[in-house]
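Next come the chains, spelled out residue by residue.
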Amino acid sequence: LDMPLCLPEGGKEDSGQRGPDLFRGREDWLAQLVNERHRRNWTKIDRFAEGVRAMPDEPVDVDENGEDERRGGGSNSASAAPPRRFDVVGDVALLHALPEGTEEEREAVGRAIMRKNRAIKICTARTKSLSGPERAPGDDGGIVILSGPDRNPLVTTHSEYGIKCVVDLRRTFFTPRMGPERLRICSQVARGERVLAAFSGVGMDALQIAGRTECDSVTSVEWNGAAVECARRGRRMLERNRAVTSIAGGGGDPKKAAQKLEILEGDVTEIAAGMERESFDRILAPRPKEGEMD
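Residues numbered from 1 in each chain as written. Predicted model: local features only at pLDDT ≥ 70, side-chain atom pairs only at ≥ 80, totals over all residues. Heavy atoms only, no water.

A. Structural detail: the overall build of the chain. Across its full length, the chain carries eight helices and 12 strands. Scored against the burial criterion, the 294 residues of the chain give a buried share of 36%. Pairs at least 24 residues apart make up 61% of the contacts formed inside the chain by residues separated by at least 6 positions. (Helix = DSSP H or I, 4+ residues; strand = E, 2+ residues; numbered from the N terminus. Buried < 20%, exposed > 50% of the residue type's maximum accessible area, 1.4 Å probe, protein only. Contact = heavy atoms within 4.5 Å.)

Written out as structure tokens, the structure reads:
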């Protein structure tokens, strides 16, 4: 029970001294009240545990046609069951490993994922670890399409908390799992700050800061030319984005938010060497922690 048991000495809460008891002579009533609360809580826990024990060993999913999609619920259902975890980038689902089975069974996995989420138009799978300085799967079969149209180049528009970016899934590195971290960083950027986003990839970090904060400027530096082109396309979308909440110098004007963003292509060490000291108040240097170079 969240309740006081005594009054502070002298009526002052910060006195640190114990005052008169509030329930003197009513100890039995107080014990009965606390025990009753305990019994009610344990009853809820017992009901919850009983419900968990009664759950089926494997989840049962029923599609819109009433068919059982449970693992083992059909001749090929075990192979066609979609994985529990995968990334969604724009309208593309990205599995981090190629499903087992034949090509038809893999296509069935893709169709099952697309059936569960109508916003997904293409289901893909990565066939190898990320490698090279771009940390991208590459155009040589690093990503295969399981189901959906054969889109080439495999480019999509990804929206994150209202801010959009362009992603070339085969030639750039991007993970939607960093979305909450990007939002957290935006909350720390103060008014008038000058921000450098090194190794910025497709520019989502820089776009979020430019569109959400009252920073003075954002400089994005990226070595991968394909990612730089994606970032520039993202900046053009930012100019027309009504979801922009930045009010720095423009009262929420998306065009002025986009003007704060400068995109530079090249090696960040060489570009930084030509900059004046103390050019920035905050520097972001995210490093992809996946692939053969780790």
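B. Focus on the pattern of salt bridges. One pass over the full model with this rule turns up 12 salt bridges. Across the salt bridge formed by Arg182 and Glu160, the nearest N and O atoms sit 2.7 Å from each other. One end of the pair, Arg182, is in helix α4 (residues 179-188); the other, Glu160, is in strand β7 (residues 155-160), with 22 residues separating them in the sequence. Looking at Arg182, the relative accessible area reads 6%, which means it is buried. Here Glu160 falls in the buried class, since its relative accessible area comes to 5%. Linked by salt bridges that have partners in common, Glu160, Arg182 and Asp205 make up one network. (Salt bridge = Lys/Arg side-chain N within 4 Å of Asp/Glu carboxyl O.)

C. Helix α5 (residues 204-212), seen in detail. Of all the nine residues making up α5, eight are buried; the element is thus mostly covered by neighbouring parts of the structure. Along α5, the residues that are buried comprise Met204, Asp205, Ala206, Leu207, Gln208, Ile209, Ala210 and Gly211.

D. Representation of the side chain of Glu222 in the model. By the secondary structure assignment, Glu222 is in strand β10 (residues 217-222). Here the side chain of Glu222 touches Asn224 through a polar contact of 2.9 Å, landing on its backbone nitrogen. If near-sequence neighbours (up to four positions away) are discounted, Glu222 is found in contact with Phe199, Ser200, Gly201, Ala227, Val228, Leu264, Glu265 and Gly266. (Polar contact = N/O pair within 3.5 Å; in protein donor to acceptor, adjacent residues only side chain to side chain.)

E. Representation of empty space enclosed by the protein within the structure. According to the stated counting rule, one finds one cavity of 30 Å³ or more in the structure shown. For the largest cavity, the calculated volume is near 30 Å³. Forming the boundary of the largest cavity are Arg182, Ile185, Cys186, Asp205, Gln208, Ile209 and Leu284. Going through the elements one at a time, α4 and α5 are the ones with two or more residues in the lining of the largest cavity. Classifying every residue of the lining of the largest cavity gives four nonpolar, one polar and two charged. (1 Å grid on protein atoms, 1.4 Å probe; cavity = no way out; pocket = protein on both sides within 12 Å on 5 of 7 lines; lining within 4 Å. Points joined across faces, edges and corners; volume = space filled by probe spheres on them. Nonpolar A, V, L, I, M, F, W, Y, C, P; charged D, E, K, R; others polar.)

F. Up close: the packing of α5 against helix α6 (residues 225-238). Taken N-terminus to C-terminus, the directions of α5 and α6 make an angle of 20°; their axes are 10 Å apart at the nearest point. Here α6 runs roughly parallel to α5, going by the angle between their axes. Where α5 crosses over α6, the two elements pack in a sense that is right-handed. Where α5 approaches α6, its residues Leu207, Ala210 and Gly211 are matched on the opposing element by Gly234, Arg235 and Leu238. Taken together, the residues of the contact of α5 with α6 sort by class into three nonpolar, two polar and one charged. (Axes fitted to C-alpha atoms, helices over the stretch in contact; angles between N-to-C directions. Parallel < 35°, antiparallel > 145°, perpendicular 65-115°, else oblique. Left-handed = near helix turned anticlockwise from the far one by under 90°.)

G. Structural context of the sheet that holds strand β3 (residues 87-89). With respect to topology, four strands assemble into an open sheet ordered β3-β4-β5-β6, the strand pairing being mixed. Lying at the two open borders of the sheet, with one neighbouring strand each, are β3 and β6 (143-147). The average angle at which neighbouring strand axes cross in this sheet is 30°, direction not considered. Summarising the sheet, β3 and strand β4 (residues 92-95) pair through three bridges and their orientation is antiparallel. Across the sheet, the residue bridging to Val88 is Ala93, located in β4. (Pairing = 2+ DSSP bridges.)

H. Inspection of the sheet that holds strand β12 (residues 282-284) at higher detail. Across the sheet, four strands lie side by side as β11-β10-β9-β12; this open sheet has parallel pairing. Of all the strands in the sheet, the pair left with one neighbour each is β11 (261-265) and β12. Across the sheet, the mean angle separating the axes of adjacent strands is 15° when strand polarity is ignored. Each of β9 (194-197), β10, β11 and β12 is contacted by α5, which is oriented at about 175° to β10, the strand it contacts most. Strands β10 and β11 of the sheet are contacted by α6, whose axis makes an angle of about 165° with β11.

I. Layout of unusual backbone geometry. Look at the link from Asn152 to Pro153: it is a cis peptide, with omega at 5°. Mapping Pro153 onto the fold places it in the loop between β6 and β7. Even without being a glycine, Phe199 presents a positive backbone phi close to 50°. Looking at where Phe199 falls in the secondary structure, it is placed in the loop between β9 and α5. The exposure class assigned to Phe199 is partly exposed, which follows from its relative accessible area of 45%. For Glu278, which is not a glycine, the phi torsion comes out positive at approximately 60°.

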